[in-house]
2 protein chains.
Amino acid sequence: MLIDRFEADYLLETPIAPERAAEIIAGEQSSGTFVTVPGETPELKERSAARVTRLVVLDEPVAQRSLPSAHPPKSGERITRALITLSWPLATIGPSLPNLVATVAGNLFELKDVSGLRLLDIRLPAAFGAAYAGPRFGVEGTRRLADVHGRPLIGTIIKPSVGLDAEATAAMVKDLCEAGIDFIKDDELQSDGPNCPFDERVRAVMRVINDHADRTGKKAMYAFNLTGEIDQMRRRHDLVRDLGGTCIMASLNSVGLAGMIELGRFSELPIHAHRNGWGYLSRHPLLGWSYVAWQKLWRLAGADHMHVNGLQNKFSEDDDSVIASAQACLTPMFDDKPCTVMPVFSSGQSARQVPGTYAGLNSTDLIVTAGGGIMAHPDGPAAGVRALREAWDATIAGIPLEEHARTHPELGRALEMAA
Amino acid sequence: MLIDRFEADYLLETPIAPERAAEIIAGEQSSGTFVTVPGETPELKERSAARVTRLVVLDEPVAQRSLPSAHPPKSGERITRALITLSWPLATIGPSLPNLVATVAGNLFELKDVSGLRLLDIRLPAAFGAAYAGPRFGVEGTRRLADVHGRPLIGTIIKPSVGLDAEATAAMVKDLCEAGIDFIKDDELQSDGPNCPFDERVRAVMRVINDHADRTGKKAMYAFNLTGEIDQMRRRHDLVRDLGGTCIMASLNSVGLAGMIELGRFSELPIHAHRNGWGYLSRHPLLGWSYVAWQKLWRLAGADHMHVNGLQNKFSEDDDSVIASAQACLTPMFDDKPCTVMPVFSSGQSARQVPGTYAGLNSTDLIVTAGGGIMAHPDGPAAGVRALREAWDATIAGIPLEEHARTHPELGRALEMAA
C-alpha cells in the first residue's frame, strides 16, 4: 500500500538507451529542466524528483519507430521497448486528480526521445481515497435502485440516436417497460438539442416509467444524458431526481475531470459514465492511455457505471482488452474503499456473447445494453429482453445456449438472428 | 457562414471504399444504427442525419493500415486515405460545446472500418459564438494588463518545476522582476502541493511583484496555476484577483471542458491555458485531434492564452505544425466575434528562434516563455531577458541577429549559448 508516493506504469519505446529515456521522462515530469538553473540543489532533487523504480526491457525486436518525429531516425539506431514504473512524492501535488493527470500524463508523450509511450496503470496512496467520494452507488446501489439481483441488468439504448422527439422517445420507453427491461439509456448524441429538449424528454419518459412502476412494481432505470455545462448538469440532475428518475448519464470526454468531480459531489443518483471518444485516447497500442489506468480517475471522481465496449463488438477492440477493462472496474482501488463500479457492455451485443462475457468476467455484476439485439428481435422487444435474460439464466446455470434454446424459442430466434 | 449546421473535416484512412466508410461514420454519429429499428422514418433521417458533404480521395499509396484492429486485414485489401467533411444539423445538439465534442469526436475513431481518423478542423455556426463568452481579455486585454505593446511578451517559467517552496519561488520572481521580465508562469506540475501551497505562493509572489510595480511602474504578469476542482479554482482565482494578480493558469486536459467553461464564466483575469498531455491526443498523424480543431473549443470556452509549443523545440513536433497552431490562435472564429487569443511559444526557446517565429507568424501578438534561455544566460537572467528583447527588436527592424549582436553583447552571448 502506497503512503506518501504515487506510481505510474508505462510501455515505453525509445531510440535511445531505455534507462536514459526513463530518466528524461522522470526529470521532465518533476524537478528537471534541460539546463541546470540556479536553485536546483541535491536536497531539492531528493525531495521532489520522480524516481524510476522499475525498468524491464522487452525482448521483442522493433523494426521502426512507432510514432514519427520531427527529429529523423538515425541510421542503425536501436529501438527498444520497456516496461517502466515511475514514482512521485505525493507532496508535490497532494491528493488532487486534476494535478495527478498533469503529472502522469502531461508533457511526456511528445518527447523527442520517446517513439512510443502508453500509460498502463496508476497506483495511488490512501490519501486519494480520503479526498474523493468515489462511486456513491456502485454495484450495490445500482442493484438496489433497479431491483435486479443475481444477474446482470438487461438494458438498451434509445435508437435512432437522434431524431426522435420527447413523445416518440416516451412511446419507445413504454414498449420497453412492457418488455420487462431493467435499464435504458439515452444515446450519447442526445442531450438537450432543440429536436428533443432534455426537460421535455425527462417529463415524458418519467411519466411512462412511473406509470409502469405504479402498475407493476417494476421501475426501469433510465440514464438521462445530462452532458453539458456545470449549471446545466445541476439543473438537469435536479429535474430527474424530482421526477423520480434513478440514473443520469454523462460523457466523460465532453465534461472532463473537474466537471465530473463536481457532478460526483452533487449527484444524488448513480452516474452512468460514457466513454465516447475513447478511441482517440487509446487506439494506437504505443500511445495514450490503457483503460486500466484511465477508469481509475473516473471511479474516484464518482462514476457508478463505466462503459467497457463488448465482446465481438462493432469496433476495433479485441475481446481480451474488453475483459481486462471490465475486470478493472470490479477490482478494488483501496483496502478500505473499493470504489468498484458496474462495467457496461455495449456495441453489437446479443445473446450470442453472454457465455464469453460470463467466462471472462466471472461475475454477473454488469450492465449489458443491447440496441439492435433487443429492438430488432423478430418477435419484438419483449422477446429480445426475454432472450437475453434466458441466455444469462442458461449461462449462470452452466447450460449451453443452443440447448436452452430448444425450450426457449425467444432465445432460439435471437441466436438465429445473431448468427 | 454556417447558420443551422456545424461541420467537421477529417483525414480518413480505411480498408473499405472511402465513400462507404464516410457514410458509416456519418450514420454512427447521427441517426444510424447497425440494424434498422422501428421509428426510423425517411423524414426523421432527413431531419437529423449527418451528411457527407465532401470527399477527396488522396492519391498516395498506403502500404498497410496505420492503426491495428481486432478484425485482421484481408489479403489484397486496398487502403485509401481521403479528406472528408461531415455536416450535422444544429438542432440535434444546440450550441453546446460538450455535446459538440461527443458528436464530432465521439465513437468514431475506433470503428472497425476505420484504420485511421484525425479531426482536422471544425466550423461552427454563429449560435455558438452567441452561447459562449470567448476570451474576455485575448490579445488586447493581455497587452493592456501587462503594458507591453508592439512586441511579444517576454516570459519565463519557474524552474525547477517542483521543489521550490513559496519563499524560494518569490525570491526567483524578485530576480526576474529586476531583470525586466513581462510574464512568468508556474510550471504545470506546480499547483497546490504541500511542498508549495497555492495560497502561500500567491501571497509571497504577489508581495514581490506589487513591491516591484510600486517602485518601478512595471508589473510582471504572473500566471498562477490554479488547476484543480471547481470550488478550488474559484477560491484560488479570487485570492489572485484580491492580491492584485493579473493572470491565472489552468491545464486543459486536467480540468476538462465543463470545468474550463465554468472557469471562463467566473474568471475576472486572463486565462493562460496549458495543453500538457497534448501528445496523447495528437502525436500519431492518423489519429486524434489537430490543434487547429482543438484550440477552437477552448477559445470559445474562454481561454486567453493557448500553448503552441515552439520552433526547434525539445519535443517531436515539427516547425510547420507549430506555426499552423499559432496562426490558428490568431485567426478569427466568427465575423462579429473573433475570439483570437495569444499563442504561447515555449520549449527550448531562445533568441535563436526569434526570426523564424516572426517570419512564420507575421505578428508580434504572442507570448514567449524561455526557461533555460533566460535563467541560464551566462550573465544572469537580466541579460537573458535583454537578449530576447534585443532579438525581437532586431527581427522587427529587419536586422539579422548576428549583426545586432555585434553591438548588443547580451544577445551575442545568448546566441553563443544556444549554438
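Residues numbered from 1 in each chain as written. Chains lettered and ligands numbered in written order. Predicted model: local features only at pLDDT ≥ 70, side-chain atom pairs only at ≥ 80, totals over all residues. Heavy atoms only, no water.

### Things to note about the nonpolar core
In step 1: Core analysis: the largest hydrophobic core is formed by 235 residues, its most contacted members being W289 of chain A together with W289 of chain B.
In step 2: Among residues more than four places away in sequence, those in contact with W289 of chain B are Y280 of chain A together with V101, A105, R118, L119, W278, L281, S282, W294 and L297 of chain B. (Core = buried A, V, L, I, M, F, W, Y, C linked by side-chain atoms within 4.5 Å. Buried < 20%, exposed > 50% of the residue type's maximum accessible area, 1.4 Å probe, protein only. Contact = heavy atoms within 4.5 Å.)

### Things to note about the environment of A170 of chain B
Residues and elements named next belong to chain B.
In step 1: Mapped onto the elements, A170 comes out in helix α6 (residues 166–178).
In step 2: Overall, the relative accessible area of 3% leaves A170 in the buried class.
In step 3: What A170 contacts, discounting residues up to four positions off in sequence, is A204, V205 and V208. (Helix = DSSP H or I, 4+ residues; strand = E, 2+ residues; numbered from the N terminus.)

### Thoughts on the pattern of salt bridges
All names here are of chain A.
In step 1: Per the counting criterion, the structure on display carries 48 salt bridges over all chains.
In step 2: Where D182 meets R151, a salt bridge forms, and the shortest distance between an N and an O atom there is 2.7 Å. Residue D182 is located in the loop between α6 (166–178) and β6 (183–185), and its partner R151 is located in the loop between α5 (138–146) and β5 (153–157); the two are separated by 31 residues in the primary sequence.
In step 3: Exposure remark for R151: the relative accessible area of 12% places this residue in the buried category.
In step 4: A network of salt bridges, in which partner residues are shared, links D238, R241, D242 and E268. (Salt bridge = Lys/Arg side-chain N within 4 Å of Asp/Glu carboxyl O.)

### Regarding the interface of chain B and chain A
In step 1: Listed by partner, the interface residues are 97 residues for chain B and 96 residues for chain A.
In step 2: Across the chain B/chain A interface, buried area totals approximately 7600 Å², and carbon plus sulfur atoms make up 57% of it.
In step 3: Looking at the side of chain B facing chain A, the largest losses of area belong to Y280, R283 and F315 of chain B, adding up to 11% of the total buried there.
In step 4: For the pair chain B and chain A, the interface holds 4 salt bridges.
In step 5: For the salt bridge of R265 of chain B with E229 of chain A, the shortest nitrogen-to-oxygen distance reads 2.3 Å.
In step 6: Where chain B touches chain A, the interface holds 36 residue pairs in polar contact (both at pLDDT 80 or more).
In step 7: In terms of residue count, the dominant contributor to the side of chain B that touches chain A is helix α10 (residues 257–266) of chain B (6 residues).
In step 8: In terms of residue class, the side of chain B that touches chain A is built from 40 nonpolar, 41 polar and 16 charged. (Buried area = accessible area lost by both parts, 1.4 Å probe. Polar contact = N/O pair within 3.5 Å; in protein donor to acceptor, adjacent residues only side chain to side chain. Nonpolar A, V, L, I, M, F, W, Y, C, P; charged D, E, K, R; others polar.)

### What about the packing of helix α12 (residues 291–301) of chain A against helix α13 (residues 319–329) of chain A?
Residues and elements named next belong to chain A.
In step 1: The contact between α12 and α13 brings their axes to 9 Å, and the two run at 35°. Crossing geometry of α12 relative to α13 is assigned as right-handed. Where α12 abuts α13, its residues Y291, V292, Q295 and R299 lie against A324, S325, A328 and C329.
In step 2: Class assignment for the residues of the contact of α12 with α13 results in 5 nonpolar, 2 polar and 1 charged. (Axes fitted to C-alpha atoms, helices over the stretch in contact; angles between N-to-C directions. Left-handed = near helix turned anticlockwise from the far one by under 90°.)

### Observations regarding the side chain of T80 of chain B
Residue and element names in this part refer to chain B.
In step 1: For T80, the position within the fold is in strand β3 (residues 80–89).
In step 2: You can call T80 buried: its relative accessible area is 8%.
In step 3: Filtering out sequence-adjacent residues up to four positions away, T80 remains in contact with L12, E13, T14, P18 and V57.

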